[in-house]
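Structural description and commentary
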Amino acid sequence: MTQAPPAPVTEAPVLGAPVDRIDGTAKTTGQARYAAEFDHPGLVHAALVCATVPRARLVGIDTADALAHPGVLTVLTHENAPTMRKSPSPGLPDISTMATATSVTYLNTDEVHWNGQPVAVVVATTSDAAKEAAALVRPSYEPLPATVDFQAALPDARPQKRNPFSPAGGAKGDAEAALATAPVSVDLTFTTPMHHHNAIEPHATTAVWHGDRLTVHECTQTIDWTRRRLAHVFGVPVADVRVLAEFVGGGFGGKGYLWPGTVLAVLAARVTERPVRLALSREEVYRTVGGRTPSTQRVALGSTVDGKLTALVHTSITQLGRIGGWPEQVTSQSRHLYDAEHVLLRQRQVELDALSTTTMRAPGESIGTYALESAVDELAHRLGMDPIELRMRNEPDRNPLGGTRFSHRRLREAYALGAERFGWAERSPEPGSMRDGRWLVGWGVASAYHPAQMFPANVTVRLFADGTVLLRSAFHETGMGQPTTQAQIVAHELGVPFEAVRVEHGDTALPTGPPAGGSMQTASLAASVRAACADLRRSVHGLARRSGSVVGRQRPADLVARDGGLFGPDGGETYAAILSRAGQSRVDAKVGSDTGLGRVTGQLRFAARMVRDGMRWVRASTGAQFCEVRVDPDTGEVRVTRWVGAFDIGTVVNAKTATSQLRGGIVMGIGLALSEETLVDPRTGRIMNPNLSGYHVPVHADVPELDVAFVGDPDPTMPLGVLGAGEVGITGVGGAVANAVFHATGRRVYDLPITLDKLL
Amino acid sequence: MRVNGAETSAELEPRVSLLDALREHLGVTGPKKGCDQGACGACTVLVDGRRVVSCLGLAVQYDGREVTTIEGVDHPVQRAFVRNDGLQCGYCTPGQICSAVGMLAEHAAGEPSAATERVTSRPTLTEAEIRERMSGNLCRCGAYNGIVAAIAEVAG
Amino acid sequence: MKDFAYVAAPDVATAVRAAADAPGARFLAGGTNLVDLMRQHVERPDTVVDISRLPLTSVEETKSGGLRIGALMRNSDLAAHPLVRTRYPMLTQALLAGASAQLRNMATVGGNLLQRTRCPYFYDRATPCHKREPGTGCAAVGGFNRSHAILGTSASCVATHPSDMCVALAALDAVVEVEDVRGTRRIPLADLHRLPGDTPHLETTLAPDELITSVELPAPAAAPSRYRKVRDRASFAFALVSVAAALEVTDGTVAAVRLALGGVAPKPWRAVEAERVLTGAPATEESFRAAADAELAPAVTLDGNEFKVELARRTIVATLRDLAREGSRA
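Residues numbered from 1 in each chain as written. Chains lettered and ligands numbered in written order. Predicted model: local features only at pLDDT ≥ 70, side-chain atom pairs only at ≥ 80, totals over all residues. Heavy atoms only, no water.

**As for the packing of helix 2 (residues 76-83) of chain B against helix 3 (residues 93-108) of chain B**
All names here are of chain B. Quick note on the threshold: All axes are obtained by fitting lines to C-alpha atoms, using only the stretch in contact for helices, and the reported angles, taken between N-to-C directions, cover 0 to 180 degrees. A run of DSSP states H or I qualifies as a helix once it reaches four residues; a run of E qualifies as a strand once it reaches two. Both are numbered from the N-terminal end. Relative orientations are named as follows: roughly parallel for angles under 35 degrees, roughly antiparallel for angles over 145 degrees, roughly perpendicular for angles from 65 to 115 degrees, and oblique for any other angle. Note on convention: the crossing is left-handed when the near helix lies turned anticlockwise from the far helix by less than a right angle, right-handed when the turn is clockwise. For this analysis, residues touch if any pair of their heavy atoms sits within 4.5 Å. Classes in brief: Ala, Val, Leu, Ile, Met, Phe, Trp, Tyr, Cys and Pro nonpolar; Asp, Glu, Lys and Arg charged; the others, Gly included, polar.
Following both chains from N to C, one finds helix 2 and helix 3 inclined at 130°, their axes separated by 10 Å at the closest point. With respect to their mutual orientation, helix 2 and helix 3 come out oblique. Crossing handedness for the pair helix 2 and helix 3: right-handed. Here Val77, Gln78 and Phe81 of helix 2 lie close against helix 3, whose contacting residues are Thr93, Gln96, Ile97, Ala100 and Val101. Here the contact of helix 2 with helix 3 is composed, by residue class, of 5 nonpolar, 3 polar and no charged.

As structure tokens, then:
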């Protein structure tokens, strides 16, 4: 019979400690290498030619000048590119199909489906030659009718299909009737523009074929999915494709799928039989990698005169491409945040002749909370009630839809903590009533909400005879500090010093890790790392028993892992001593299997757990966002001058990196609120600001000190009590800023971003 | 051109940017390409001690100059970045650090910024000054607070 | 980027000779605008004359009490120069409001004067643009034009001049000195840039091979001055509207005023009409408003940039109000 393994000490200081990043030195000395920085003998460079029309048939493509350019090896077009296999549409049972970004087989079709679709790829000996030659390729188009204007297409909206993580609607009672009879109500329409991720590292691929074996350095948040999709497209066994991504220069959802650049780099390498690097220009990223959908949203709230919600209506229309896209879960948070008697949630979509929309940091909740929380603020204003008080009066005990239990919910505590740190009690409620010199001052608040889920994660934990430990798993480091946090968890679980733990990640040769998406990586890995460490302790105890160690003479339940070994009331020994006595150079513990059967089993278990957990609990990270803005009364310029975010993300594994994650979400949220907007020309579907000077992400001067606080309560249903931290930080930010602007000026802005022209 | 103290030479077409010369021809990949347009600061290097964006210079223009990339920087601000978590994905980090080193020198020389209330005065390096002076370096992960803290810590 | 013949010029004579010998040649200084445009395939010169090492980097006092600034002086050096900071603080402010520190360390005075517009349609070869390709059309009218001009535009072009420095130079009555193989000449800044009319591709009155060698500033006025820039971010963004102003008030009356606007016109815009209305008027908010209205009366707006009229009006008034207050404190 399997005995319970020796337990780790529960109060080990490494868990929760603000440990410096394990890769901090590599990243601050230029040693960390990214996908475009791997050299190979004979490496050549590729560049894309992107369509300049939204929908067309290619009737010719003149490559003569490009081919004549010195250094050009080949120009691949639909006329000469080898056939690739079409990637299957996203769907179960194979979750790696989620990485299929579009239904287009690039260069295997004469059809143009979006303004920016690659119609040729040029390969040359230098990147300068490839890019210049790309500019010399002349496609001829026969235009086809195109629908590219989101606003104009709204009347054609159809019900949205659900995405894998969130339903497309829901209802309780008769919300419209309740709204009509509510003593106090608001019925508001909000719009948000398209956004782009703008990870500072543009997408890049370095592809090398050795016969039918493929090695790809790729900036991706999903190396396993990328490997499987590439294997499919190029018709080679999955085992013969290796994808590496040790460091990824930011993703935010934009590197979760197989976009054209990756496929075409691999194709170019296949055709030229040379290692190929395709480093997309910033413009090419905009043209060939999807962004966050624009949205139009209606939020209507009805309440009693004392602020009890009787009706909550939240509907949305978002965009997909005809060739694919992400059905944005705009009403996700509205399922869970307020205890309204009657609820109606409905998501619809339009399909345009445009590139697929995709996931971007907190898809759904980032823009959904802007609308919902603005409406709640407006209702509070009409009720003459403090907006926090209104929220607390409607804080549910169980999930408002269906009555499922919350695994835990600490939103009240988050508001109390945030209000205290912000000094909310000093707020004068009347809009326009607070000033500092000539500046109008406004304070706003909004709720943050992001669901917590998990992916399967395979890991190996290896204990060496010198007492050091190696964690191996093909997970991702895109900035969240994952190798550091997981090393902390290993150190905690095995009772070894943090410095004794090494981590290998970002390589499909390792056990398959989880994708870096949906704020799921930390918890997904924590579950497997804990299980592997427990196995390891059990194995070490077994070794100790067989080799006559004092550890082996004690019951596992009496032992704790600390000080680099196992210790009990009768004494203990270090792992090094136990392994040495047993004559073992190392002990491995594995969780998950990468065999075909193991993978299927893992996925079935994953799907079953997702369904079961969804029926048992509603789980989420939550928070309270507090914002102070100053508005110039002459020009309408808005500056965010103070911020407090109080979050419940369950257990905080690393206070330093978790704080950074949440701050990062808030910074992106400030961009969403005040300045970010992808300009899609409604005449042509062409993005007109595909660069970092026209698309305004926040700069240093836009960001004040962001005070992040944690409620710190472990979630009882999640491994180690960990919820996610990557996305909850951006949620609520748009609402908090908009509410602060309203408080400062008396102007409520219904259309993001809140640029100064909307306040004049 | 001297790169990080070592003499280098390469036969390059005049159109090759300083950034591409470093990354693709000399194997110095510390300076990053984020926009190739001067809009993100990831490619910031020091030329004769002054910070510039290497994407908008042609390599031929830097013949005989001293170019310092992150690989050649050894400065307390690097450790301060790690301590203050002034980085996440790390891609903008080499540019942020080179920029910070150049910025500290500019400030030490008494140069004003747009955050300086009276441009005739010698500005003190407040957090507002640091933010304005570092605004040419975008960080999409949003590590701005940690970066400012790291620089303030080193500036004392 | 197209490959090109590269000429490194050790002196001005070589530079202008090289430019004269190679029609279509471009002078390359800091590169912050030209290299970008070449990479975008908007500029495709066959010859590039590198002038970045010409010895035109000094600031000298002129006999008349002004300054002569070498055209290859870096924007950051000029902004930090003690004589500029103390005598022309508005110019320092304008320079520091532009771009980023790294770009200011590269960009030169001459290059800044010749900056080309940031109209997104000008930058995108896939769209029509009279300025880039005369005769093709203007996609900004009927497209995105929130950042576009409201004064001095024509049916063929509504693009703005993006410089901050030039707005201050316009207010300061700067004179540009240029040289070519034929000799030298002086051009008042107001006459350097052209309005688009039917020829938006012709942006200045310079001959293609003329090189800007220096900029001369007349003796400074004692009046309080200021450069105020309004933009979509707190830093590192082009102006939606900017105002360079100097205001001298005597006994409550405007004795002298200099006013120039950025972000609203195809060239640095000297607000001559506003100055006329203000001079001799009481230094009151009412006068400031009347002056702004007079200047903005001929404004022509598009779908996206109507707000610029009100924004310009408010920014002018606020800037003058601040200066009047500052003057009365002094």
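**Thoughts on the interface of chain B and chain A**
Condition: Summed over both partners, the accessible area lost on bringing two parts together, with a 1.4 Å probe, is the buried area. In what follows, salt bridge is the name for a side-chain nitrogen of Lys or Arg lying within 4 Å of a carboxyl oxygen of Asp or Glu. N or O atoms within 3.5 Å of each other form a polar contact, as long as, within protein, one can give a hydrogen and the other can take it, and as long as residues adjacent in sequence are counted only when both atoms are side-chain atoms.
Taken together, the 46 residues of chain B in the interface contact 58 residues of chain A. The junction of chain B with chain A conceals about 4100 Å² of combined surface from both sides, 54% of it contributed by carbon and sulfur atoms. Broken down residue by residue, the surface that chain B buries against chain A is led by B:Gln88, B:Arg140 and B:Asn145, which jointly contribute 21%. Applying the counting criterion to the chain B and chain A interface returns 4 salt bridges. The partner of B:Arg23 in a salt bridge is A:Glu37, with the nearest N and O atoms 2.8 Å apart. Counting the contacts that link chain B with chain A gives 23 residue pairs in polar contact (both at pLDDT 80 or more). Sorting the residues of the side of chain B that touches chain A by element identifies helix 1 (18-25), helix 2, helix 3, helix 4 (127-133) and helix 5 (144-155) of chain B as the ones contributing at least two each. Here the side of chain B that touches chain A is composed, by residue class, of 20 nonpolar, 13 polar and 13 charged.

**Comments concerning the packing of aromatic side chains**
Test applied: For this analysis, a ring pair means two rings from Phe, Tyr or Trp (six-membered ring only for Trp) whose centres lie within 6.5 Å, classed as stacked if their planes differ by under 30 degrees, edge-to-face if by over 60, and tilted for the remaining angles. Working definition: with a 1.4 Å probe on protein chains only, accessible area under 20% of the residue-type maximum means buried, over 50% means exposed, and in between means partly exposed. Whether a charge sits over a ring depends on NZ of Lys or CZ of Arg being within 6 Å of the ring centre and within 35 degrees of the ring normal.
Taken as a whole, this structure holds 17 aromatic pairs over all chains when the rule is applied. Residues A:Tyr34 and B:Tyr91 carry aromatic rings whose centres are separated by 5.1 Å and whose planes lie at 90° to one another, so their mutual orientation is edge-to-face. Highlighted residues: A:Tyr34 in the loop between helix 1 (24-28) and strand 2 (44-50) and B:Tyr91 in the loop between helix 2 and helix 3, drawn from two different chains. A relative accessible area of 3% means that B:Tyr91 is categorised as buried. Ring centres of A:Tyr257 and A:Trp259 lie 6.3 Å apart, and the angle between their planes is 70°; on these two criteria the pair is classed as edge-to-face. In this pair, the class of A:Tyr257 matches that of A:Trp259, namely buried. Members of the aromatic cluster, each reached through a chain of ring pairs, are A:Tyr415, A:Phe422, A:Trp424, A:Trp443 and A:Phe626. For the cation-ring pair, A:Arg270 lies above A:Trp209, with the distance from its terminal atom to the ring centre recorded as 4.0 Å. Geometry around A:Trp439 places A:Arg438 over its ring, the cationic atom sitting 5.3 Å from the centre.

**A word on the side chain of B:His75**
Residue and element names in this part refer to chain B. Residue placement: His75 occurs in the loop between strand 5 (66-68) and helix 2. Of the residues examined, His75 reaches a relative accessible area of 19% and is grouped as buried. Those residues in contact with His75, other than ones at most four positions away along the chain, are Val101, Leu104 and Val154.

**Looking at the interface of chain B and chain C**
Accessible area lost when the parts come together is the quantity often used to give the size of an interface. Each side of the interface is counted separately: chain B has 40 residues, and chain C has 39 residues. Where chain B abuts chain C, roughly 3100 Å² becomes buried across the two surfaces, and 52% of that area is made up of carbon and sulfur atoms. Considering only the side of chain B, the residues that lose the most area to chain C are B:Arg15, B:Leu56 and B:Gln61, jointly responsible for 21% of the buried surface there. The shortest N-O distance in the salt bridge between C:Asp77 and B:Arg50 comes to 3.1 Å. One can count 20 residue pairs in polar contact (both at pLDDT 80 or more) joining chain B with chain C. Elements with a minimum of two residues in the side of chain B that touches chain C: strand 4 (50-53), helix 3 and helix 4 of chain B. The biggest single contributor to the side of chain B that touches chain C is strand 4 of chain B, with 4 residues. In the side of chain B that touches chain C, the residues fall into 14 nonpolar, 15 polar and 11 charged.

**Details of the pairing of strand 9 (residues 225-230) of chain C**
Residue and element names in this part refer to chain C. Note the cut-off: In this scheme, strands are said to pair when DSSP sees at least two bridges between them.
Among the 6 residues in strand 9, 5 count as buried, and that is most of the element. Direction of pairing for strand 9 relative to strand 10 (residues 241-250): antiparallel, over a ladder of 6 bridges. Note that in strand 10 the partner of Arg226 across the bridge is Ala245.

**Digging into the sheet that holds strand 19 (residues 434-436) of chain A**
All names here are of chain A. Taking strand neighbours across the sheet as the criterion, the 5 strands line up as 19-20-29-30-33 in an open arrangement whose pairing is mixed. Both edges of this open sheet fall to strand 19 and strand 33 (706-710), since each of them pairs with a single strand only. Within this sheet the neighbouring strands show an average axis-to-axis angle of 25°, counted without direction. Relative to strand 20 (residues 439-451), strand 19 runs antiparallel, the two being bridged by 3 bridges. Bridge assignment links Met434 to a residue of strand 20, and that residue is Val441. Packed onto the sheet, helix 11 (residues 411-422) meets strand 20, strand 29 (620-631), strand 30 (638-648) and strand 33 and runs at close to 25° relative to strand 29.

**What about the pairing of strand 7 (residues 183-188) of chain C?**
Residue and element names in this part refer to chain C. Of the pairings in the sheet, the one linking strand 6 (residues 175-180) to strand 7 comprises 6 bridges and is antiparallel in character. For Glu177, the partnering residue across the bridge sits in strand 7 and is Arg186. Here strand 6 folds back onto strand 7 in antiparallel fashion, the turn holding 2 residues.

**Brief notes about the nonpolar core**
Stated formally: Only buried residues count toward a nonpolar core. Its members are Ala, Val, Leu, Ile, Met, Phe, Trp, Tyr and Cys residues joined through side-chain atoms within 4.5 Å.
In this structure, A:Leu301, A:Phe626, A:Val629, A:Trp643, A:Val737, A:Ile754 and B:Ile151 are the most contacted members of the largest nonpolar core, which totals 156 residues. Every residue in contact with A:Val629, bar those within four places of it in the chain, is listed here: A:Leu440, A:Val441, A:Gly442, A:Val638, A:Arg639, A:Val640, A:Thr641, A:Val737, A:Ala740, A:Val741 and A:Ala744. Counting residues in each nonpolar core, the second largest holds 60 residues, with A:Ala46, A:Leu48, A:Ala207 and A:Val266 among its members.

**What to know about helix 11 of chain A**
Residues spaced three or four apart along an α-helix point in a common direction, a consequence of the helix completing one turn every 3.6 residues. Residue and element names in this part refer to chain A. Here is the rule: Working rule for helices: expected span equals 1.5 Å times residues minus one. Arc definition: directions from the helix axis to the C-beta atoms.
End to end, helix 11 covers 16 Å across 12 residues, agreeing with the expected 16 Å (1.5 Å per residue, within 8%). All buried positions along helix 11 are accounted for by Leu411, Ala414, Tyr415, Gly418, Ala419 and Phe422. Down the axis of helix 11, the smallest arc covering the buried residues is 125°, so these residues share one side. Contact partners of the buried residues in helix 11: helix 9 (365-383), helix 10 (387-393), strand 20, strand 29 and strand 30. Directly beyond the C-terminal end of helix 11, a positive phi value near 80° is found at Gly423.

**A closer look at the domain arrangement of chain B**
Residues and elements named next belong to chain B. Under the convention used in this document: Domain limits in this description derive from either an automatic procedure or a database domain assignment.
Partitioning chain B into structural domains gives domain 1 (2-72) and domain 2 (76-155). One C-alpha centre belongs to domain 1, the other to domain 2; they are set 21 Å apart. In this assembly, 17 residues from domain 1 lie in contact with 16 residues from domain 2. Between domain 1 and domain 2, the buried area comes to about 1200 Å², and carbon and sulfur atoms account for 56% of it. Together, Lys32, Arg51 and Ile70 form the three largest contributors to the area buried by domain 1 at its contact with domain 2, with a combined 48%. Where domain 1 packs against domain 2, one counts 1 salt bridge. Linking domain 1 with domain 2 are 7 residue pairs in polar contact (both at pLDDT 80 or more), by the criterion used here.

**Things to note about the environment of A:Lys308**
Residues and elements named next belong to chain A. Locating Lys308 in the fold gives a position in the loop between strand 15 (295-303) and strand 16 (309-321). Using a relative accessible area of 32% as the deciding quantity, one classes Lys308 as partly exposed. Along the sequence, Lys308 and Leu723 sit 415 residues apart, while their C-alpha atoms lie 30 Å from each other. When sequence neighbours within four positions are dropped, the list of residues in contact with Lys308 reads Gly302, Ser303, Asp339, Arg393 and Asn394. Of the polar contacts made by the side chain of Lys308, one reaches the side chain of Asn394; its length is 3.4 Å.

**Concerning helix 13 (residues 521-547) of chain A**
In this model helix 13 of chain A runs 38 Å from its N-terminal to its C-terminal C-alpha over 27 residues, within 8% of the 39 Å that 1.5 Å per residue would give. A positive phi of about 80° marks A:Gly548, the residue just after helix 13 of chain A.

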